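Commentary on secondary and tertiary structure
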Amino acid sequence: TRRNIRRMTVEDDELDEDRLPSLDERASKVEAKIKNISGRVMHINSTLKLLRGELDELTNELRQLEREDATNVHVINARLVFDGTGPGGQLGGFVTPAKHSRFIKHLLGSAVNLVSLSQNERMRLKEDYVNFRETQTISYFLFPLVLFIWYNSKHSGHFFLQSQIAASKHSEFVDTVLSASYPIALQAYFSWLLYFYTSLGLRENILKANGSNIRPWWIQHHYYSMAMALCVLTMDVDSPSCITFIGRFLFFTFCQGIVMFLQNRYQRFRMYTRVAIGKASPMDVSATESGSRLKLLWPLLLTLQTMQLVFGCQVLLRWYKEFARNGKGLSEWQALVAGSLFVLMALGNFNATVMTFIRKRDYAVSEAKRRKKKEN
């Protein structure tokens, strides 16, 4: 038995020795292939670097040509190819990205790379942004609606279903729970607003780095909205400034949420059409603060912006009369900041809406001129 065991051990050692050359050959092949791929990757990276430099120069030249004559057929075709009609897809992601904004540097750092070279990945970024904005818009008008009703019932002394609560055995307990939970619900809503606008700001910066046409004001508007959410989050819900400001704030955000919901539903399908006919890049997104071609939304947007301006001025006026004159201005600073931000955003949104209208009108005029040239 011992002889058999020794013989089997010797045979196994011989088999291992036979396997060693095959393992060494396989390992050498893997090593050679990895070195080959590494060299090819280095070549691709150097080629991409050269192409990026050429594309940067051509992009600047194309912008100059658009300023000189945006109706030129070759200029229009060049822009369409750049925006995604060519075989290489949308080229905005290959242009050397601009330096990160302070917002990105503070949250993500300056070393992070926001640009995706894959067209499919860039489209997924855009679709994820659009889906996030649409789904969160429902919460945007439902939360303030419930809180606005709750706010009015709290300050009028009558909560929801007051008669049914009074008739129950636990009326005092229910009334106490409702009174105590209102500040918690309000602070939770403000925290959600801060998350919502911070997420939008991050996503829009990433989209802009990947070739989207998001205009600076859209992103700046969400920065101001973040500051607004942070400001109201520090308010004492029972303070005079909170009672003065919150009712207007909840009513306005409810109305804004309704308009955003309608605009999102319309502009999503409108953007698909514009991309299909070559008037927009696949990475472009629509704005919820400026106008659209749906005529119903123009008066709604202008009414909303007027309401925002009036509410902001009312808060500032009341802060001055009731707090600043009495030496309590600093103790109620949230009303001053919130009212100022309301006025600033109202003016910025109005300017964005007017500029959008002017751009659409100028584009329609240039299109009409181009058609006349073709006919002649």
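Residues numbered from 1 in each chain as written. Predicted model: local features only at pLDDT ≥ 70, side-chain atom pairs only at ≥ 80, totals over all residues. Heavy atoms only, no water.

**A closer look at the overall build of the protein chain**
From N to C terminus, the protein chain includes ten helices and zero strands. Going through the 376 residues of the protein chain one by one, you find that 35% of them count as buried. Look at the contacts in the protein chain between residues 6 or more apart in sequence, and 77% of them connect residues 24 or more apart. Surface accessibility of the protein chain: about 22700 Å² in total, with carbon and sulfur atoms responsible for 61%. (Helix = DSSP H or I, 4+ residues; strand = E, 2+ residues; numbered from the N terminus. Buried < 20%, exposed > 50% of the residue type's maximum accessible area, 1.4 Å probe, protein only. Contact = heavy atoms within 4.5 Å. Areas by Shrake-Rupley, 256 points an atom, 1.4 Å probe, with all protein chains shown as cover.)

**A few points about helix α9 (residues 297-324)**
Taking 1.5 Å of rise per residue, 28 residues should cover 40 Å, and α9 covers 38 Å from first to last C-alpha, within 8% of that figure. Among all positions in α9, only Leu297, Trp298, Leu301, Leu304, Gln305, Met307, Gln308, Phe311, Gly312, Val315, Trp319 and Phe323 are buried. (Expected span 1.5 Å × (residues − 1).)

**Things to note about the nonpolar core**
Of all hydrophobic cores here, the largest spans 55 residues; its most connected members are Met228, Phe245 and Ile246. For this core, the elements supplying multiple residues, two or more each, are α3 (102-108), α4 (119-156), α6 (171-209), α7 (216-233), α8 (240-276), α9 and α10 (333-375). If near-sequence neighbours (up to four positions away) are discounted, Phe245 is found in contact with Met228, Val232, Met235, Val315, Ala338 and Phe342. (Core = buried A, V, L, I, M, F, W, Y, C linked by side-chain atoms within 4.5 Å.)

**Focus on a nonpolar patch on the surface**
Together, Ile138, Leu142, Ile258, Phe261, Leu262 and Leu300 give the surface a local cluster of nonpolar side chains, amounting to about 430 Å² of exposed area. Those elements giving two or more residues to the nonpolar patch turn out to be α4 and α8. Top element by residues in the nonpolar patch is α8. It accounts for three residues. Secondary-structure assignment places Ile258 in helix α8. A relative accessible area of 32% places Ile258 in the partly exposed class. (Patch = residues over 30% accessible without salt bridge, like charges linked within 9 Å, V, L, I, M, F, W, Y side chains within 5 Å. Salt bridge = Lys/Arg side-chain N within 4 Å of Asp/Glu carboxyl O.)

**Digging into the confidence of the model for the protein chain**
Confidence in the prediction of the protein chain, expressed as mean pLDDT, is 77, and 76% of residues score 70 or more. Of all the helices and strands in the protein chain, helix α5 (residues 162-167) carries the lowest mean pLDDT, 50, while α7 carries the highest, 90. Overall, residues 288-293 carries pLDDT values under 50, and its contacts beyond four positions in sequence, including any with other chains, amount to 35 contacts. (pLDDT = per-residue confidence, 0-100.)

**Let's talk about the packing of aromatic side chains**
Scanning the entire structure with this criterion turns up 22 aromatic pairs. A centroid spacing of 5.5 Å and a plane angle of 90° characterise the contact between Phe143 and Trp192, whose relative ring orientation is edge-to-face. Here Phe143, found in helix α4, pairs with Trp192, found in helix α6; they are 49 residues apart in sequence, far enough to count as distant. Phe143 gets classed as partly exposed once you look at its relative accessible area, which sits at 37%. A relative accessible area of 13% means that Trp192 is categorised as buried. On the numbers, 6.1 Å between centres and 40° between planes, the contact of Phe249 with Phe342 is tilted. With Phe249 in helix α8 and Phe342 in helix α10, the pair connects residues that are 93 residues apart, well separated along the chain. Since its relative accessible area comes to 2%, Phe342 is described here as buried. One cation-aromatic arrangement involves Arg203 over Phe132; the distance from NZ or CZ to the ring centre is 4.2 Å. (Phe/Tyr/Trp six-rings, centres within 6.5 Å; stacked < 30°, edge-to-face > 60°. Lys NZ or Arg CZ within 6 Å of the ring centre and 35° of its normal.)

**So, the pattern of salt bridges**
Enumeration according to the criterion identifies two salt bridges in this entry. Ionic pairing is found between Glu31 and Lys35, a salt bridge with its closest N-O pair at 3.3 Å. Residue Glu31 and its partner Lys35 are both found in helix α1 (residues 2-68); the two are separated by four residues, about one turn of the helix. Between Arg203 and Asp128 there is a salt bridge, with its nearest N and O atoms 2.7 Å apart. A residue pair is termed long-range when its members are at least 10 positions apart, and Arg203 in helix α6 and Asp128 in helix α4 qualify at 75 residues.

**Some points on the environment of Leu344**
Turning to its location among the elements, Leu344 is positioned in helix α10. Separated by 123 residues in the primary sequence, Leu344 and His221 have C-alpha atoms spaced 9.2 Å apart. The contact partners of Leu344, leaving out residues within four places of it in the chain, are Trp217 and Tyr224.

**What about the side chain of Asn205?**
Among the structural elements, Asn205 can be located in helix α6. Classification of Asn205 by relative accessible area gives buried; the value is 11%. If near-sequence neighbours (up to four positions away) are discounted, Asn205 is found in contact with Ser101, Phe103, Ile104, Leu114, Ile219 and Tyr223.

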